[in-house]
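Fold and geometry: a report
Each chain is listed here by its residues.
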Amino acid sequence: MRSHLPHPVDRTFTNPEAVSDGVVDFSFNHTLVRPQLKRAALVVGVMCVIFSVGAAAGFPATDDGYLLLIMKELGPRGILSGYLDRPLVGWMWYGLANVAGAAFWPLAIFLNAIFWAAFGMLSAYLWARLFPRQSGYAPLVGCLSAAPVVLHVQMTTLTISSIGVLSAILCYSALLLILEYLQVGAPWRYVAALAFIVFGILLSEYGVCVALSIVVLLARGPRQDWDLQTLRRARRSALVILAVTAGSYVLYHFTSDNSYRPAMDPEAKLHSIRVIASFPMALVSRFWHATFGAYGALVENFHLNWGSKTLSLSLAFGCIFAWILVSNITESKEPLMESRSDIWTIGLAVLIGLVPIALMRPYWVSDRLREVEFGSRFYIPVMPLAACFTTLLLLLLVRLRFRLLVCGAIGLLVGFALLNEFWDAYRQQRTLQAVGALLRPYVKSSNGNILGVLSTEDLCFTDYVCTAKASTYWPKDLSKQFWLYKPSEALEHVGKRNECKGAQTIDAGIRSISRRGAVKEVLWVEMTDDRVTVEPYCYADQAAQSAVPRHDLALQAKQRELRTRN
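A brief look at the structure comes next.

Parameters and conventions
Residues numbered from 1 in each chain as written. Predicted model: local features only at pLDDT ≥ 70, side-chain atom pairs only at ≥ 80, totals over all residues. Heavy atoms only, no water. Buried < 20%, exposed > 50% of the residue type's maximum accessible area, 1.4 Å probe, protein only. Helix = DSSP H or I, 4+ residues; strand = E, 2+ residues; numbered from the N terminus. Pairing = 2+ DSSP bridges. Axes fitted to C-alpha atoms, helices over the stretch in contact; angles between N-to-C directions. Parallel < 35°, antiparallel > 145°, perpendicular 65-115°, else oblique. Left-handed = near helix turned anticlockwise from the far one by under 90°. Contact = heavy atoms within 4.5 Å. Nonpolar A, V, L, I, M, F, W, Y, C, P; charged D, E, K, R; others polar. Core = buried A, V, L, I, M, F, W, Y, C linked by side-chain atoms within 4.5 Å. Phe/Tyr/Trp six-rings, centres within 6.5 Å; stacked < 30°, edge-to-face > 60°. Lys NZ or Arg CZ within 6 Å of the ring centre and 35° of its normal. Salt bridge = Lys/Arg side-chain N within 4 Å of Asp/Glu carboxyl O.

1. Some thoughts on the pairing of strand β4 (residues 482-485)
- Here β4 shows no split at all, with F482 and L484 on one side and W483 and Y485 on the other all buried.
- Here strand β3 (residues 449-454) pairs with β4 via 4 bridges, running parallel. From the neighbouring strand, L451 faces β4, where its bridge partner is W483.

Below is the structure:
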């Protein structure tokens, strides 16, 4: 029978009053890790400042396109009908819009920073809670969990942070409350933890992934630190959480309408032979990407062009951020003493948390076009534990004298990625606003629907995002006559340019936003290195093409550079 003996005494992180007669109480001491959490708050705070500035400069960023369209065209009331798949989120945003009024979007940017800061700090605190002897590396864990490396959705305004991030915050808070309950008792912590899990899952399905990871952590537990009685209580808690998770998801499933997002319906996935056959490799691929693969890809894409001011500034900021990170890490003077079982428990928790993601998105991460930006949001539930696992293996594999050097290299890459994300959000939005300025006269002079087709795939995620970004500052009545496609989407809805079939009608939209009716004109937006031109979509319409005015625009950044980095 395996004995549950504590580690050798480490008086750095052990309460001295708990040592008596050779018996050590390794109960968690908040006072001893508080300085490390303050240092983590500084690192995470620097990142969230960049997130906020990027969200404001690149507004509307990432997936805020449909919320922007709903708010502009339908008003706050349209949120309720537009978010039937997440009714609790819809009511939350509706209340926020009514209270904030004209300040809704500035408040959304502020809340985005708050949520990401809380996410990073919860990750740092979870690290200190699970591995108090190595709590000096809490700033690194907080950095990795919120960095734009695995995730690329930090510079949004509200949608991602108040759905995925808030749901994860609630569920990880429940884990910390349960750990406190196992240590000091107080049943109110247990009840509050279950309430947090229920609310997190009812908010969005992201909470299910976190809850599954929590079940794994409690079922296995840090066995060398917990006595047998604590381990049994933890396992009973795991069973209760599993039951609460199942019940909460059933309630969420039957109170939400998935007709807006049929691809996310689990019933459709479980009946697909392709999904079942692809699941094992998709799961392994996603585990690798969340823990190490994304950092390897960042190293691969790390390049410096001395002729580019942007890349030079990104490198300079990367050096500054590396210094901030390293100077706030309290280096441990001892090797990693946690057992291999504890380390692989964290890895197993990450793997189980990724199971729903691998089922919903059954392809390898090597398909980079599908994984960047918006698609990376699915990793939010596992990022705190994935950051812990990455840090654990770093401490296990890297010698003591090289640890700070490796942490500095990570800080350099993260800082470089931070500023690059900022510039990309800014440039993409400014470029699409310029496109909108060119297309607006065509829409204004028409009494029907005008379709635009971009010549590049790199500026926006999908059609409704392209439309929202290009028509951000248009009047409501004018934007209702306009829709903008990417070239791949145009092939399906409009046809090929040389076939000249065009589009007689349009039936497009997102959630409660729709564009239906006859199409008056389809325009092609040709984007080159230093100019944008507008012409008819169909090649055969040469007479009309000669009559269409061409507009040139000096872009604020080279499109080729943007496409290369994306």
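2. Description of the packing of helix α6 (residues 138-146) against helix α17 (residues 383-397)
- Two numbers describe how α6 lies on α17: the axes approach to 8 Å, and their chain directions differ by 130 degrees. Compared by their axis directions, α6 and α17 come out oblique. Here α6 runs over α17; the crossing is right-handed. Listed contacts from α17 to L140, V141, L144 and S145 of α6 are M383, P384, A387, C388, T390 and T391.
- The residue makeup of the contact of α6 with α17, split by class, is 7 nonpolar, 3 polar and no charged.

3. A word on the nonpolar core
- Formed by 173 residues in total, the largest nonpolar core has its most connected members in L67, W116 and L218.
- If one sorts the elements of this core by residue count, helix α7 (residues 159-184) sits on top with 17 residues.
- Excluding residues that lie within four positions of it along the chain, L218 makes contacts with L175, I178, L179, L182, W226, A234, R235, S237, A238 and I241.

4. Considerations on the packing of aromatic side chains
- If you walk through the whole model with that rule in mind, you get 17 aromatic pairs.
- Taking 5.6 Å as the distance between ring centres and 85 degrees as the angle between the ring planes, the aromatic pair formed by W116 and F119 counts as edge-to-face. One end of the pair, W116, and the other, F119, are both in helix α5 (residues 104-130), 3 residues apart, so they sit about a helical turn from each other. Like W116, the residue F119 is buried in the burial classification.
- Aromatic rings pair up to connect F51, W116 and F119 into one cluster.
- Across from the ring centre of Y181, 5.0 Å away, lies the NZ or CZ of R233, which sits over that ring.
- Its end group placed over the ring of Y537, R497 keeps NZ or CZ at 5.8 Å from the ring centre.

5. Re the pattern of salt bridges
- Counted by the stated rule, this structure contains 7 salt bridges.
- Across the salt bridge formed by D507 and R516, the nearest N and O atoms sit 3.0 Å from each other.
- Taking relative accessible area as the criterion, R516 reaches 58% and is therefore assigned exposed.

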